[in-house]
Amino acid sequence: FIEETRQQCRFAQVAFRALKDSVQTSSLDLAFLHALSFIQHACQVSRLLQPDRKGSRKRGEFLRRELDTGKDVLQSIRAFRDREGTSDEWFEDWLASLSDLDYVDMNMMPLGTMTGFKEDAFQRNLDPEVLQLRLRGQVCDLPKTAAELGRIETGCDRWLRTHSPW
């Protein structure tokens, strides 16, 4: 599980670098593709470290202890993780919460830049200045999460170096 955790951290970091490149070139579709890929891999790391299944909790405790992550690891993506696998219901619930069905599908500007829309009217918003993702009202500070994943990956590398039979 240590190697899988490390690999998911790596995948997330690749997506984060590609996201930053996409923002630099103002490629809206690619920026959101990479942001959502980053979130997906961060959720996988979160699930490895904090499994939902009762029978897997010892594995999570082992990983958190060995990687020295603490119990509240990756709380910044918890809302995304909780909605993973139910994106259709999440979308339906979000639409039902809007006072007006006039919404913005994708926006790559700081919130407030586009006048005439309330904050909750943005299905996907990426602030290119601070790389904050807002998806249907849920917010993730992508650089902060990337840094946390980097620390987890470093812990995995350290553990693998000291526990390798080779």
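Relevant structure appears above.
To keep things clear, this report deals only with the structure shown in the data block. As a convention, each chain's residues are numbered from 1 in the sequence order in which they are written. Confidence filtering applies because this is a predicted model: local features only for residues at pLDDT of at least 70, side-chain atom pairs given and counted only at 80 or more, and all residues used for totals across whole chains, interfaces and linings. With hydrogens and water set aside, each side-chain value is computed from the structure's full complement of heavy atoms.

A word on helix H3 (residues 57-67)
Line of reasoning, step 1. Burial classes follow relative accessibility: with a 1.4 Å probe on protein chains only, a residue under 20% of its type's maximum area counts as buried, one over 50% as exposed, and anything between as partly exposed. Only DSSP runs of H or I covering at least 4 residues are called helices, and only runs of E covering at least 2 are called strands; the numbering of each starts at the N terminus. What H3 keeps buried is the set Arg 59, Gly 60, Leu 63, Arg 64 and Leu 67. Down the axis of H3, the buried set is contained in an arc of 130°. They therefore lie on one face. The exposed residues of H3 that point more than 90 degrees off its buried face are Lys 58 and Arg 65.
Line of reasoning, step 2. In this fold, the buried residues of H3 make contact with helix H1 (2-24), helix H2 (28-49) and helix H6 (142-163).
Line of reasoning, step 3. Looking at the residues trailing H3, positive phi occurs at Asp 68, about 55°. Comment: arc refers to directions from the helix axis out to C-beta atoms. In this description, contact between two residues means that some pair of their heavy atoms is separated by no more than 4.5 Å.

A look at the side chain of Glu 153
Line of reasoning, step 1. On the secondary structure map, Glu 153 appears in helix H6.
Line of reasoning, step 2. Residues within four places of Glu 153 in sequence aside, it is in contact with Arg 6, Cys 9, Arg 10 and Gln 13.

Observations concerning the packing of aromatic side chains
Line of reasoning, step 1. Centre distance within 6.5 Å is the pairing criterion for rings of Phe, Tyr and Trp, where only the six-membered ring of Trp is used; planes under 30 degrees apart are then read as stacked, over 60 as edge-to-face, and the remainder as tilted. With the rule as written, the count across this model stands at 2 aromatic pairs.
Line of reasoning, step 2. Ring geometry for Phe 16 and Phe 38: centres 5.5 Å apart, planes at 45°, overall tilted. Of the two residues, Phe 16 sits in helix H1 while Phe 38 sits in helix H2, which places them 22 residues apart along the sequence.
Line of reasoning, step 3. On the accessibility criterion, Phe 38 (0% relative accessible area) is buried.
Line of reasoning, step 4. Where Phe 62 meets Trp 159, the ring centres are 6.4 Å apart and the plane angle is 85°; that geometry is what we call edge-to-face. On the criterion of sequence distance, the pair formed by Phe 62 in helix H3 and Trp 159 in helix H6 is long-range, its members being 97 residues apart.
Line of reasoning, step 5. The class of Trp 159 is buried, set by a relative accessible area of 19%.
Line of reasoning, step 6. Geometrically, a lysine NZ or arginine CZ counts as sitting over a ring once it is within 6 Å of the ring centre and also within 35 degrees of the ring normal. The ring of Phe 1 carries Arg 59 above its face, with NZ or CZ at 4.7 Å from the centroid.

A look at the environment of Ile 2
Line of reasoning, step 1. As for its position among the elements, Ile 2 is in helix H1.
Line of reasoning, step 2. With 158 residues separating them in the primary sequence, Ile 2 and Leu 160 have C-alpha atoms 7.6 Å apart.
Line of reasoning, step 3. Not counting residues within four places of it along the chain, the set of residues in contact with Ile 2 comprises Leu 63, Leu 67, Cys 156, Trp 159 and Leu 160.

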